[in-house]
Each structure stands twice: as C-alpha cells, then as structure tokens.
Amino acid sequence: MRVRIITEGATVVGYQVIENANPAPGQFRSGLMAGPGQKLHEVELPEDFATVPGPEEIHKRLTAYIQKKAAA
C-alpha cells in the first residue's frame, strides 16, 4: 500500500492512501499538498497497515516509517 504523508517538523499532520487506478475520462483526482513549513513523503506500507486500531496508533506508525526512510 502506497501512502502520502504530510509532516510539520517531526509531527504527522495528515496522510492519504494512494490509489493506483486512473480516473475515468471527465473525472479528476485530488491529493494532499504540503503547505509552508511542511514536507510531503511517499512511503510503501504493508497491507495490514489498514487494520491499525486508532488515529494515535496510525500517526505513531507513520512517524516510524518516515524515520526509517530518512535513515536509509
């Protein structure tokens, strides 16, 4: 599962699962954009990420993936 994550400093402020399907003709797709002082990250997550129990846990796990990406 590919996810787009917005951070401000070391804090996750939003995320979006990226869908692979192209929009049909006449339709459009929207997405997240980083604002001033924010960064946009795209990471690959395991499929079981969708079963995370709550928002606090989601943000903890996303932060861990961003830190792994930065260390690589």
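Just above sits the structure.
Just so you know, these numbers come straight off a predicted model, no measurement behind them. (Residues numbered from 1 in each chain as written. Predicted model: local features only at pLDDT ≥ 70, side-chain atom pairs only at ≥ 80, totals over all residues. Heavy atoms only, no water.)

J.: So what about the pattern of salt bridges? Which residues, and what values?
T.: Counted by the stated rule, this structure contains 4 salt bridges. Linking Glu 44 and Arg 2 is a salt bridge whose minimum nitrogen-to-oxygen distance equals 3.5 Å. Taken together, the positions of Glu 44 in strand E3 (residues 38-44) and Arg 2 in strand E1 (residues 2-8) put the pair 42 residues apart, joining distant regions of the chain. Between Glu 57 and Arg 61 there is a salt bridge whose closest N-O contact spans 3.1 Å. Taken together, the residues Glu 57 and Arg 61, both in helix H1 (residues 55-71) and 4 residues apart, mark about one turn of the helix. (Salt bridge = Lys/Arg side-chain N within 4 Å of Asp/Glu carboxyl O. Helix = DSSP H or I, 4+ residues; strand = E, 2+ residues; numbered from the N terminus.)

On their own, these measurements won't tell you what the molecule is for.
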